[in-house]
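Letter by letter, the chains look like this.
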Amino acid sequence: VPRRRGAGLGRPSSPGAPAEEEEAASMDWGAELWDQFDTIERHTQWGLDLMDKYVKFVKERTEIEQAYAKQLRNLVKKHLPKRTAREDPESKFCQYQAFLQVVRELNDFAGQREVVAENLLTRICVELAKYSQEFKQERKSHLQEGRRAQQQLENCFKQLENSKRKFERDCREAEKAMLTAEKLDQDINATKADVEKAKQQANLRSHMAEESKNEYASCLQKFNRSQSQFYFLEMPQIFSKLQEMDECRVRRLKEGYSIFSETEQQVVPIIGKCLEGMKAAADLVDEKNDSQMLIELHKSGFERPGDLEFEDFSQPMNRTSSDSSLGTPRGTLDSRLDPRLLGRNKAKRWPFSRKNKLPPPPLSPLNCPSSSSPSPSSSAINGPPSPKFTRDPLSYCLNEINKTVKPRITSFRSLRRGVSGTFSSISWHPASAVQKCPQYA
């Protein structure tokens, strides 16, 4: 920092001096505050405290920015997908892609907050803390120099006071000796020796008073010179140094204030791009596109199920004697007992079920054709045959027919002859049983 030597001496400026120099002289602490040493000391200390306070303020702001950026980073990490785009079918929807874009832009935003925190820490806290230490050392040296000058002036003033008191005392002693000598000279009883002795004492006191006077004059001249140098040279220079130091401190603090806003302004364009990216991601969301994407991903291609046909369960009651025989059309029984057709119809009929499982009901004698069996459609609803029936169909049909039909032979004999003949043939001849279950023949 450049120093102005000899400034503020308190002398009036020359008539030809420019107005700028007069204005500068009027703003000089050494000229205007020559007797305000304590005030300048308090003001400079207050300025350094303000700088330290601002450094602490910026440091706390930096900690807030760092914590904010860290929380944003954790939020981004929490919501980023763990799977790749190929493994995640939801990534094909534009609304999910826009969400991921917003999360990524927020990650960039968090990075800019970290940049702000780093710039504030390095450009303000570190720099101002370094300048603050330098200013404190400089202020301390200037104040010590001012106190030394004050101490020297006080010592000179004490010497002046001592010489003044000695001169005053010697003058009184000389005057007293002179009065004593005059008194003895006028006294007729005094001897000549006493008078001479008194005159010698008076002359000695007068000589001592004259020496004290010269010493006092010398001390006075020295003090005046020291006082003039103190008030017009030394202290103005010290005050000027303190003023320049304080003005330099203010400039550094001003730069710190400016950097505080410039740091934020530097990241505004990048933050603006992040916000624009979020807005662009929002504009790319298309609800119609997502609806079409859902169709493309999950469309089965099956036709809708048709109307159910009417199943006439009253048909066995209206049969004639010839129709009441145990003979059943081969095609009808095939369609009823074919488990593949049953499973396919069930799957197409109920498309919303998770698994198209058909519990196999136990095969009763009603599944085989008889005069008292229900309609063909009811047997179709009962589902596929049991596993036992699938393993040995012929033996299973014979066993079921024997267990069901044989106990009722006596009741069937009361029917017409054709019907009884039919039942008897079915009950006791395996070949006829095979005809009644044609799909297992």
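Note that residues are indexed from 1 along each chain, following the sequence as it is written. A pLDDT threshold of at least 70 governs which residues receive local features in this predicted model, and a stricter bar of 80 or more applies before side-chain atom pairs are shown or counted, although totals over entire chains, interfaces and linings include all residues. Each side-chain value is derived from all of the structure's non-hydrogen atoms; neither hydrogens nor water enter the calculation.

### Regarding helix H5 (residues 192-283)
End to end, H5 covers 132 Å across 92 residues, agreeing with the expected 136 Å (1.5 Å per residue, within 8%). At Phe230, H5 shows its maximal kink, close to 45 degrees. Per the convention used, a helix needs a DSSP run of H or I reaching at least four residues, while a strand needs a run of E reaching at least two, with both numbered from the N terminus. One less than the number of residues in a helix, times 1.5 Å, gives the span that helix is expected to have. Take the seven residues that end at a residue and the seven that start at it, fit an axis to each, and the angle between those axes is the bend at that residue.

### Some words on the nonpolar core
Residue types Ala, Val, Leu, Ile, Met, Phe, Trp, Tyr and Cys, when buried and joined through side-chain atoms within 4.5 Å, form a set referred to as a nonpolar core. Here the term buried applies to any residue with accessible area under 20% of the maximum for its type, exposed to any over 50%, and partly exposed to those in between, with areas from a 1.4 Å probe on protein chains only. If you look at the biggest cluster of nonpolar residues, it comprises 21 residues, and the most contacted ones within it are Tyr54, Val58, Leu120, Ile124, Leu128 and Phe135. Only helix H3 (37-79), helix H4 (94-186) and H5 provide two or more residues apiece to this core. Per element, the largest residue contribution to this core is nine residues, and it comes from H4.

### Things to note about the packing of aromatic side chains
Aromatic pairs are defined between Phe, Tyr and Trp rings, using the six-membered ring for Trp, whenever the two ring centres lie within 6.5 Å; interplanar angles under 30 degrees are classed as stacked, those over 60 as edge-to-face, and all others as tilted. Under the definition given, this model contains eleven aromatic pairs. Geometrically, the ring pair formed by Tyr96 and Phe99 is tilted, given 6.3 Å between the ring centres and 35 degrees between the ring planes. In this pair, Tyr96 and Phe99 are both assigned in helix H4, three residues apart and thus about one turn of the helix distant. A residue is classified by how much of its surface remains accessible, and Phe99, at 35% relative accessible area, is partly exposed. Geometrically, a lysine NZ or arginine CZ counts as sitting over a ring once it is within 6 Å of the ring centre and also within 35 degrees of the ring normal. A cation over an aromatic ring shows up here: Lys130 above the ring of Tyr131, its NZ or CZ 5.3 Å from the ring centre.

### Side note on the packing of H3 against H5
Here, axes are lines fitted to C-alpha atoms. For helices the fit covers the stretch in contact, and angles between N-to-C directions go from 0 to 180 degrees. For the pair H3 and H5, the least separation of the axes is 11 Å and the interaxial angle reads 20 degrees. One element, H3, and the other, H5, form an angle in the roughly parallel class. Pair H3 / H5 crosses with left-handed handedness. On H5, the residues touching Phe37, Ile40, His43, Thr44, Gly47, Leu48, Leu50, Met51, Tyr54, Phe57, Val58 and Arg61 of H3 are Met235, Phe239, Leu242, Met245, Asp246, Arg249, Arg252, Leu253, Gly256, Tyr257, Phe260 and Glu264. In terms of residue class, the contact of H3 with H5 is made up of 15 nonpolar, four polar and five charged. When describing relative orientation, an angle under 35 degrees is termed roughly parallel and one over 145 degrees roughly antiparallel, while 65 to 115 degrees is termed roughly perpendicular and anything else oblique. Note on convention: the crossing is left-handed when the near helix lies turned anticlockwise from the far helix by less than a right angle, right-handed when the turn is clockwise. Contacts are residue-level and defined by heavy atoms, with any inter-residue pair within 4.5 Å sufficient. Three classes are used, and their members are as follows: Ala, Val, Leu, Ile, Met, Phe, Trp, Tyr, Cys and Pro are nonpolar, Asp, Glu, Lys and Arg are charged, and the others, Gly among them, are polar.

### A few points about H4
Since the α-helix packs 3.6 residues into each turn, any two residues three or four apart lie on the same face. The first and last C-alpha atoms of H4 sit 134 Å apart over 93 residues, in line with the 138 Å expected at 1.5 Å per residue. Maximal helix bending in H4 amounts to about 30 degrees, located at Leu121.

### Digging into the confidence of the model for the chain
pLDDT expresses how confident the predictor is about each individual residue, on a scale running from 0 to 100. Across the chain, the average pLDDT comes to 76, with 67% of residues at or above 70. Helix H9 (residues 376-381) is the least confidently modelled element of the chain, averaging 40 in pLDDT, while H3 averages 95, the highest of any element. Of the regions scoring below 50 in pLDDT, residues 341-348 engages in ten contacts with residues more than four places distant in sequence or in other chains.

### Describing the side chain of Asp170
Turning to its location among the elements, Asp170 is positioned in helix H4. In this count, Lys and Arg are taken as positive residues and Asp and Glu as negative ones, while His and the chain termini are left out. Criterion for a salt bridge: a side-chain nitrogen of Lys or Arg within 4 Å of a carboxyl oxygen of Asp or Glu. Buried Asp170, no salt bridge; nearest opposite-charge side chain is Arg169, N-O distance 4.7 Å. The residues contacting Asp170, other than those within four sequence positions of it, are Arg205, Met208, Ala209 and Ser212.

### Here's the deal with the pattern of salt bridges
Evaluation of the coordinates by the stated rule reveals 15 salt bridges. One salt bridge in this structure joins Glu168 and Arg172, with 3.2 Å as the shortest N-O distance. One end of the pair is Glu168 and the other is Arg172, both in helix H4 and four residues apart, which spans about a single turn. Glu168 sits in the partly exposed class, given a relative accessible area of 44%. Where salt bridges share partners, they join Arg61, Glu65, Arg113 and Glu264 into one cluster.

### Observations concerning the environment of Thr180
In this fold, Thr180 is placed in helix H4. Using a relative accessible area of 39% as the deciding quantity, one classes Thr180 as partly exposed. Along the backbone, Thr180 and Val195 are 15 residues apart, and their C-alpha atoms lie at a distance of 9.1 Å.

### Describing the environment of Ala209
As for its placement among the helices and strands, Ala209 is situated in helix H5. Taking the C-alpha atoms as reference, Ala209 lies 8.1 Å from Arg169; in sequence the two are 40 residues apart. The contact partners of Ala209, leaving out residues within four places of it in the chain, are Phe167, Asp170, Cys171 and Ala174.

### A closer look at the packing of H3 against H4
Here H3 crosses H4 at 165 degrees, and the two axes come no closer than 8 Å. For the element pair H3 / H4, the angle class is roughly antiparallel. For H3 against H4, the interelement crossing comes out left-handed. By residue class, the composition of the contact of H3 with H4 is 27 nonpolar, ten polar and eleven charged.

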